[in-house]
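Structure assessment
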Amino acid sequence: MTSLELNAVSKSFKNDQVLSGLSLSATEGETVVVFGPSGTGKTVLLRLISGIYDPDDGDIRLDGSSVVGIAPEHRGIGMAFQNFALYPHMEAADNIASPLEARGGTAAQIMEKVREIATLLKIDHVLSHRPKELSNGQKQRTALARALVAGPKILLLDDPLRNVDAKLRFEMRLELPRLLRDFGSTTLYVTQDYKEAMALGDRIAVLLKGDFAQVATPQDIYNNPVNVEVAKLFGDPTINLIETRLTVADGRAQADLAGTTVELGTGYDHADGRDIVVGVRPEAISVSETPLEGALPVELIAVTPLNERVVMLLHLADGTEFFASSPEDGATGTRRHGPAFARIAPDAVLVFDRDSGQRIHPLDAGPQVSGQQTQ
Amino acid sequence: MNHTSTAERIIRGLLLTLVLLFFLFPIFWIFLMSFQTNEDILRIPPSLFFTPTLENYVALISGRLSTVAGDLDIAFMRNLWNSVLLSSLSVGVALILGVPAAYAFARFKFRLGENIAFTLLSFRFAPPLLVLLPLSLYFSELGLSDTYLGLVWVYQLIALPLILWIVRGYFEDISPDIENAYRIDGHSWAKTFRKIAIPLARPGIAAASLLAFIFCWNNFVFALVLASADKQPVTVGALAFVTASGIQYGQVAAAIVLSVTPTLLLALYAQRYLVEGLSLGAVKG
Amino acid sequence: MYRRALPYMLSLPALLVCIGILIPFGTAVYYSTQRYNLSFPQARGFIGLENYIDFFSDSAFWNTIEISLLYTFLTVVLELLLGLGIALLLRTPGRFNNMVSILLLLPLMTAPAIAALMWKLMTNPNFGVLSYLISLIGFDDFRWASSPSSALFTVVLVDMWVYTPFIMILLLAGLRSLPRQPFEAAELDGVPRSFVFFRITLPMLMPYIITATLFRLLDSIQQFDIIYAMTQGGPGDKLMVFQVQSYLEFFQYTNVGRSAALLMVLWAITYFLSNLFVKHWLKLRERAHGNA
């Protein structure tokens, strides 16, 4: 059942169009991560839903009824702010109790619920502290507890892990999905960290220039980005992008990469002769010292470990930089610098139109367009 | 800067002594005078040694002054009471008018708000007589000439800009998200104002109120022009008293002590806010 | 909608007070263009700028200008120098220095009119302690405020007594908020102290000095309380500053038109100064509160 619905929502400040007609719907209990670089309007979007701002245009519906023009206090939303926004003059317990007080109930009932959630979030020992006596991690948990405590149907989390240290961020990334599932709220989670987005989202909504470029599952976004920009936002190191031209011979598409012809597969007849950008994820490239069928001759320039993988910086024949990554243990003795060969898994090549940056899909086969696409 | 020589320390000490002497001696001396009889006061050379008497204060508080020429009524206690009443009422009204407006000016950037704020600010610096003299002509027509209400209204010229500008600064320092969070929790605007904005701006409100009280108390010209005899505060009353009592210098000194004590005590209490208050929030102490 | 109406509702009372001030102000402007003497109501009438034009040939007016400017100049300069000196003496925070700076606030918190009375008692020719002390160093018959030659000196002294602490406290706040690094660097480099003062301290303190000066200029040019309580503008016309002159013009000579015109001249001066002030002050305030 649809719990949150945005219909062509627009918002501008003075002459600055922040959101231009974006739409989204989230089903009950779902976690949608709104992901995008800073300054794309993620926070504004949450503020429109919570009622801090009103949209210039479009409709926002919670549980099927429009909330445009309804004051924040009547929307029954829970929200955690990036800067925590705790009430500095109240103890942690009163901070957490605030939504419960607004909804009514005896002091004892309220206190019991506060204890319950505080225990769950491991802050029960600091309930009598003022915000300025709390560590950043405790502040963040207090803010989260306050957002969750009343069991809101809609939960808005505005980059809640932004201001906490790396260890805590890691812990919370593991803890949060279970917590959100247990509470059953429909959650909109804002972040600019793609790993956080992939770890937490049932779906990810990629916000670029005031509109969603793509809304899809994490895997889908990663494997089938709708355009170059989305492709670039996910993955570390980022996707390799090489400008070239697509030609079709005997129904098979090919492209020239620094003097070597690479097979792109079938189904690209409609794109014959177009200028394209070829996108290859680093992990789709295997490097070896022996020339394999269709492999590119490269020069291995540098090797660095990254988490459990190693990243290799390669130069193509014409000097173009290229990244490959492979699991550490899969290393075969190719780690010496110097000439090598790089083989690209043929089904992992993404083809984008050079001018528009839009993905060009092969026409006949493949699990291509999935997820919702707006543009 | 820590390498001060002995000579330098001595000079510094000497200068500070002179400074303290200049600024504190008058208060000290008048305080002494208020416990002296007229004979002690008129003695030449003046002496620090005398038998203190409460006679001056008794005369002021009882309201009757016995002189060789006969008994004289003193309205000074009435002046003191007027000062208390006028200053507190004015601050109270300024808070009711000014705090919501200060909040509006801090939170919502709107044209009218800026205009009001700057009009009040510019009249803080305009010659008060410019407003007072025309007012004195039609105060009676408005039925305000013999009322506290009329004076309290005019005293807003002193209290309101102070409250408005200082409290506004404090409201601006509160992150709007703290209020937004409270709204989203389910509390109305009015409750948010009461439970979040006001408590968080409390130090500013307290500082501005104390200062406004002091400035209202110390004001002279407003009441001189507009107050009828029985509504006059101490500043005007003390001057009238000097004229009326002739040579009763002990009582004058006692009247002065009673007039300045409340503000001096408040100032000592509020001193950490004074810098900010005196500069209308331009300099943070 | 509630969001639109709220700010206007909240500021409505303050707006009414504003209007309440602007109406008498407008009336004053109107009076200044009238021949209007309360003693001759039948002669009342519109005379345009005649009140103002008359000022040019009026020696009393020029006397007022001269005395007001002299008073302002003397008080502001002397208070600035003395206030800066005291602030420098009290610069290092510490128990004793803080206590002194608090005690020095007491004159500032004394009502100026009352302060004038205090000094009047101390300078009384019969028993005043200051009259006595000054006679010890040879000024046998020093008449303080009642003598034309020393009246200005006396009121300036009282003004200094009341308002020097104002400058002191602002500059002290300024001095203590200055960053330390330039001073530490200068000390390490062995830079002479006079150089540190004129090239580092003073320039960095300038915003505070400007604030304090503008505040004092605006107050001093309008001084009324001290002078009126002390001498009512006398002896003679020796201390007829703007507001005292217009007060007497109004209540003693009942010449409403002339009094209003005189105040308008003063208003023009303060308007110019307060514009300077507001510009400078907005800058400071932005710095003090940041852009929340």
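Because the structure is predicted, anything quoted here is derived from the model rather than measured. (Residues numbered from 1 in each chain as written. Chains lettered and ligands numbered in written order. Predicted model: local features only at pLDDT ≥ 70, side-chain atom pairs only at ≥ 80, totals over all residues.)

Where the parts come together, the accessible area they lose is often given as the size of the interface. Contacts between chain A and chain B engage 16 residues on the former and 15 residues on the latter. Secondary structure elements with two or more residues in the side of chain A that touches chain B: strand 6 (77-80) and helix 2 (92-103) of chain A. The biggest single contributor to the side of chain A that touches chain B is helix 2 of chain A, with 4 residues. Counted by class, the side of chain A that touches chain B contains 10 nonpolar, 4 polar and 2 charged residues. (Contact = placed C-beta atoms within 7 Å. Helix = DSSP H or I, 4+ residues; strand = E, 2+ residues; numbered from the N terminus. Nonpolar A, V, L, I, M, F, W, Y, C, P; charged D, E, K, R; others polar.)

Okay, helix 3 (residues 107-120) of chain A next. All names here are of chain A. Given a rise of 1.5 Å per residue, 14 residues ought to cover 20 Å, and the 20 Å separating the end C-alpha atoms of helix 3 matches this to within 8%. Within the span of helix 3, buried status applies to Ile 110, Val 114, Ile 117 and Ala 118. With its buried residues spanning 105 degrees around the axis, helix 3 presents them on a single face. Summarising the geometry of helix 3, the exposed residues directed more than 90 degrees from the buried face are Ala 108, Gln 109 and Glu 112. (Expected span 1.5 Å × (residues − 1). Buried ≥ 20, exposed ≤ 12 C-beta atoms within 10 Å, placed from the backbone. Arc of directions from axis to C-beta.)

Attention now moves to helix 4 (residues 136-148) of chain A. Residues and elements named next belong to chain A. The terminal C-alpha atoms of helix 4 lie 18 Å apart, and with 13 residues this matches the ideal 18 Å at 1.5 Å per residue to within 8%. Of all 13 residues that make up helix 4, 11 are buried, and the element is covered over most of its length. By the burial criterion, the buried members of helix 4 are Gln 138, Lys 139, Gln 140, Arg 141, Thr 142, Ala 143, Leu 144, Ala 145, Arg 146, Ala 147 and Leu 148. Of the surrounding elements, those touching the buried residues of helix 4 are strand 6, helix 2, helix 3, strand 7 (154-158) and helix 5 (166-183).

With that settled, the discussion passes to the pairing of strand 1 (residues 2-13) of chain A. Regular strands show a simple pattern: their side chains alternate between the two faces of the sheet. Residue and element names in this part refer to chain A. Both strand 1 and strand 2 (residues 16-27) contribute to a ladder of 8 bridges, which runs antiparallel. Residue pairing across strands places Glu 5 opposite Ser 25, the latter belonging to strand 2. Hairpin connection, strand 1 to strand 2: the antiparallel pair is bridged by 2 residues, and Lys 14 has positive phi, about 50 degrees. Here 5 bridges tie strand 1 to strand 4 (residues 57-62), and the two strands are oriented antiparallel to one another. Residue pairing in the sheet places Asn 7 in a bridge with Asp 59 of strand 4. (Pairing = 2+ DSSP bridges.)

Attention shifts here to the nonpolar core. Judged by nonpolar contacts, the single largest core of 288 residues is most densely connected at Ala205(A), Ile163(B), Val167(B), Ala212(B) and Ile256(B). Each residue touching Val167(B), except ones within four places of it in the same chain, is listed here: Gly98(B), Val99(B), Ala102(B), Ala201(B), Gly204(B), Ile205(B) and Ala208(B). (Core = buried A, V, L, I, M, F, W, Y, C linked by C-beta atoms within 7 Å.)

On to the sheet that holds strand 12 (residues 252-257) of chain A, then. Residues and elements named next belong to chain A. An order of 13-12-11-14-20 is seen for the 5 strands of this open sheet, with the pairing classed as antiparallel. Each of the sheet's edge strands pairs with one partner strand only, and the pair in question is strand 13 (260-266) and strand 20 (349-353). With strand direction ignored, the average angle separating the axes of adjacent strands in the sheet is 40 degrees. Strand direction decides the pairing type here: strand 14 (residues 275-280) and strand 20, joined by 5 bridges, are antiparallel. Following the sheet pairing, Gly 279 is matched in strand 20 by Leu 350. (Axes fitted to C-alpha atoms, helices over the stretch in contact; angles between N-to-C directions.)

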